[in-house]
Each structure stands twice: as C-alpha cells, then as structure tokens.
Amino acid sequence: MSGESIPFADRVDAGRKLARAIEREGFADPVVMALPRGGVPVAFEVAAYLGAPLELLIVRKVGAPGHSEFGLGALVDGEEPQLVLNEEAMRLVRPPEAYVKAETERQRLELTRRRALYVGDRPRVSPKGRNVILVDDGIATGGTAKAAIQALRQEGAAALMLAVPVAPPSAVASLRRQVDRIVCLASPSPFHAVSIYYDDFEQTTDAEVVALLKEARGDGP
C-alpha cells in the first residue's frame, strides 16, 4: 500500500498515481489488461506512463437462476473464452446443467458483441508468456478480479500483478494469494462503495472505451 490520499479526483488521477506506484515495482515489459468499462481510463494512464500495450479483458457474470446478480461464476475473454465457476456458489445453488450451459452461451454471445463494439476485428494481445498488469478502478468483493486472474493463469501469463486504486483489506488479503504482486493505493477500513473514494465517478461510456483504446494503439484520439 502506498497510502495515497483519497478520494481520487477521477479515474485519470487514480490511473496516474497508480502508474507511478507500479513503476517502482520494476515489472518488466508488461501488457496492461483493463477490466471494462471503469477500469479502462485507469489502465489507459498506466499503459501510457509505462509505454506498454493496452488490452481489454472482458468478464461476464454467469448468474444464478432467477437471481442474476448472484454469480455462479464468470466467462472470461480470451483466445477461447474460459468459464470460471465458483465452486461454493455451485454447491449452494445446484443449478441444472442445461441452465449453466444456456446461460454461459448467452454470456458468450454478449462477450463477443462487446469485443466487436470496443475493438472491432483487431487481433487480441495474448497474455501467454507475458508479465500482465490487471487493472480496474476499484474492487468491492473481488469476484470479478479472481475470475480474471484464474483465466489469465490458465492462458499462460508468465507473471501477474493486480493494480487498483482502492479495495477493502479483506479483498486485498484474499487476492494477494492469487497473484505475484499487488499494488493497491488505498485500503480503507471500514470500506464503503468504490464510488465513495472518487470525487468524480461518472459511469464510463462505451464511446469513451472505444476512444481510449484507439488512442492507445495510435489511431488518434
């Protein structure tokens, strides 16, 4: 933890502060992977500061029957999207196999739609054999980050760093065991919603995501 003062002005401010903290870690030749949408403005600043490529890592929750907000797992973007199931949730809910298959396929279609919307047909930067910095604008429970980390491991990332401006101590402790390094600027206790720790936490739009990705790959603002 670097003890940065909070709240952050906005995601740009958080990204610039995060980039300086990451630089001190000496994580060589990384690829920066952003969890959209809110993680993209933060990750853009990190990638620009480090001179690293910026890539999206789209994660779609697979919700329980009749309770879509309760996650049974997640489908994570990749060369071949990976289904990462939460074993505890699966034991608790015991959903029919046909339901899990159908819901996974529904999320696969949405993941494909979103990737086409955000990056078109541009080839994806693979994490295989790379040092990967996974970036979001904050963590509440850590479920999405955990699924993303597991998928990146399975896809062959050489080393993994999780970098976020703010997260609760419990999530930091849990996720620290899943990655090689973690950079979290602030870990307040008690922890409230991520939005509380930003002066400006307006929702990131699809158009902003597209524009930042274009700028990151040199297609202009």
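Here, every reference points to the structure presented above.
Residues numbered from 1 in each chain as written. Predicted model: local features only at pLDDT ≥ 70, side-chain atom pairs only at ≥ 80, totals over all residues. Heavy atoms only, no water.

> For this particular structure, what's the right way to read the overall build of the protein chain?
A tally of regular secondary structure across the protein chain gives seven helices and eight strands. The C-alpha atoms of the protein chain give a radius of gyration of 17 Å, which matches the 17 Å a tight globule of 221 residues would have. Along the first, second and third principal axes, the C-alpha atoms of the protein chain reach 45 × 45 × 35 Å. Relative to its 221 residues, the protein chain shows a buried fraction of 48%. A separation of at least 24 residues holds for 66% of the contacts in the protein chain among residues at least 6 apart in sequence. For the protein chain, the computed accessible surface area is about 10800 Å², with 49% contributed by carbon and sulfur atoms. A gap of 4 Å separates the mean positions of the 27 positive and 30 negative side-chain charges of the protein chain. (Helix = DSSP H or I, 4+ residues; strand = E, 2+ residues; numbered from the N terminus. Rg over C-alpha atoms; globule rule 2.2 N^0.38 Å. Buried < 20%, exposed > 50% of the residue type's maximum accessible area, 1.4 Å probe, protein only. Contact = heavy atoms within 4.5 Å. Areas by Shrake-Rupley, 256 points an atom, 1.4 Å probe, with all protein chains shown as cover. Lys, Arg positive; Asp, Glu negative; His and termini not counted. Charge placed at Lys NZ, Arg CZ, Asp CG, Glu CD.)

> Would you explain the packing of aromatic side chains in this entry?
Aromatic rings considered in pairs are described by the distance between their centres and by the relative angle of their planes. On inspection of all chains with the given rule, the structure shows three aromatic pairs. Seen from their ring centres, F191 and Y197 are 5.2 Å apart, and the 35 degrees between their planes marks the pair as tilted. The class for F191 is partly exposed, based on a relative accessible area of 21%. Considering the side-chain rings of Y198 and F201, the 4.9 Å spacing of their centres and the 40 degrees angle between planes classify their relative orientation as tilted. Given the relative accessible area of 28%, F201 is considered partly exposed. (Phe/Tyr/Trp six-rings, centres within 6.5 Å; stacked < 30°, edge-to-face > 60°.)

> In this structure, what is going on with the sheet that holds strand β7 (residues 159–166)? I would like to understand it.
Within a sheet, adjacent strands bond to each other through the backbone by hydrogen bonds, running parallel or antiparallel. The five strands are arranged β2-β1-β6-β7-β8 in an open sheet whose pairing can be described as parallel. Two strands in the sheet have a free side with no partner beyond their single neighbour: β2 (54–56) and β8 (181–186). Here the strands of the sheet are splayed against their neighbours by 25 degrees on average, with no regard to which way each runs. Pairing geometry for strand β1 (residues 30–34) and β2, over three bridges, is parallel. When the bridges of β2 are listed, A34 appears paired with L56. Lying over the sheet, helix α1 (residues 11–23) contacts β6 (131–135), β7 and β8, oriented at roughly 135 degrees with respect to β8. (Pairing = 2+ DSSP bridges. Axes fitted to C-alpha atoms, helices over the stretch in contact; angles between N-to-C directions.)

> Looking at this structure, how should I read the side chain of D77?
Structurally, D77 can be placed in the loop between β4 (67–76) and β5 (82–85). For D77, a relative accessible area of 3% puts it in the buried group. There is a polar contact of 2.6 Å between the side chain of D77 and the side chain of R115. Filtering out sequence-adjacent residues up to four positions away, D77 remains in contact with L56, L57, I58, L111, R115, R124 and E155. (Polar contact = N/O pair within 3.5 Å; in protein donor to acceptor, adjacent residues only side chain to side chain.)

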